[in-house]
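Spelled out, the chains give:
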Amino acid sequence: MLQVIFTAENEILLPLYKNLFQLNKVEGANYVLLEDGVAIGVCQMTIGTDVEISNFAVQKGKDDLRVQDFFFRTVLFKLSFNPFIVKVKKVDERLLQFGFTEDGDGGMEMLSTQVQFPSSCDCNHKK
């Protein structure tokens, strides 16, 4: 079972940081993706007046698009309860579906309370 938790526990985060980001120091605020209780992914953020998603990764072999999509959607859902500008440092067309727009500085942003969660199938559309 997949689960997303917010944690500041160094013993959970440091192995992920070393493996996924090649970093030896935990920074920022972090959501962790668990699979059957085992940490397999991390979303590192800087939270101030805005939320910047700094790093986002899932372990190789566990990182298929469905797992990454679940993790990212869950993080956005958790952020959607408070009005933050959510920023990423690069332009990625996959983010358009959630409501991100280019910020003019080579990144993307959106208001967290206006996140969109499109269906990956067309089952919600009436014909």
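None of these values were measured; they are calculated from a predicted model. (Residues numbered from 1 in each chain as written. Predicted model: local features only at pLDDT ≥ 70, side-chain atom pairs only at ≥ 80, totals over all residues. Heavy atoms only, no water.)

Describe the sheet that holds strand β2 (residues 29-35), with residues and values.
Read across the open sheet, the seven strands follow the order β1-β2-β3-β4-β5-β7-β6; overall the sheet is mixed. Pairing within the sheet leaves two strands with one partner each, and these edge strands are β1 (2-7) and β6 (101-102). Strand direction decides the pairing type here: β1 and β2, joined by six bridges, are antiparallel. Its bridge partner lying in β2, L2 is registered against E35. The sheet contacts of helix α1 (residues 10-21) involve β1, β2, β3 (38-47) and β4 (50-58), and relative to β3 the element is tilted by about 90°. (Pairing = 2+ DSSP bridges. Helix = DSSP H or I, 4+ residues; strand = E, 2+ residues; numbered from the N terminus. Contact = heavy atoms within 4.5 Å. Axes fitted to C-alpha atoms, helices over the stretch in contact; angles between N-to-C directions.)

Give me the lowdown on a nonpolar patch on the surface, citing residues and values where you can.
Where nonpolar side chains cluster on the molecular surface, the patch consists of F77, F81 and F117 and spans about 330 Å² of accessible area. Looking at the element boundaries, F117 is found in the segment after β7 (108-111). Of the residues examined, F117 reaches a relative accessible area of 37% and is grouped as partly exposed. (Patch = residues over 30% accessible without salt bridge, like charges linked within 9 Å, V, L, I, M, F, W, Y side chains within 5 Å. Areas by Shrake-Rupley, 256 points an atom, 1.4 Å probe, with all protein chains shown as cover. Salt bridge = Lys/Arg side-chain N within 4 Å of Asp/Glu carboxyl O. Buried < 20%, exposed > 50% of the residue type's maximum accessible area, 1.4 Å probe, protein only.)

Run through the confidence of the model for the protein, naming residues and quoting values.
On average, the protein scores 93 in pLDDT, and the residues at 70 or more come to 94%. The element-level mean pLDDT for the protein is lowest in helix α2 (residues 65-79), coming to 95, with β2 highest at 98. (pLDDT = per-residue confidence, 0-100.)

Provide a residue-level description of unusual backbone geometry, including the pertinent values.
Comment: phi is negative for the bulk of residues other than glycine, and the bulk of peptide bonds are trans. Look at Q22: it is not a glycine, yet its phi comes out positive at around 55°. Looking at where Q22 falls in the secondary structure, it is placed in the loop between α1 and β2. The phi dihedral of D36 is positive, around 50°, even though this residue is not glycine.

Please provide a residue-by-residue account of the environment of N24, values included.
Mapped onto the fold, N24 is located in the loop between α1 and β2. Other than its neighbours up to four places away in sequence, N24 contacts L14 and K18.

Before we move on, can you summarise the pattern of salt bridges with the specific residues and values?
A side chain with one charge can pair with a side chain of the opposite charge if their charged atoms come near. A full pass over the atoms with the stated rule returns seven salt bridges. As a salt-bridge pair, D64 and R66 come within 3.9 Å of each other at their nearest N and O atoms. The class of R66 is exposed, set by a relative accessible area of 68%. For D92, the salt bridge goes to R94, with nearest N and O atoms at 2.6 Å.

Before we move on, could you go through the side chain of S80 and cite the residues and values that matter?
Counting through the fold element by element, S80 comes out in the loop between α2 and β5 (85-88). Within polar-contact distance, the side chain of S80 engages the backbone oxygen of F77 at 2.6 Å. Excluding its chain neighbours within four sequence positions, the residues that come into contact with S80 are S112, T113 and V115. (Polar contact = N/O pair within 3.5 Å; in protein donor to acceptor, adjacent residues only side chain to side chain.)

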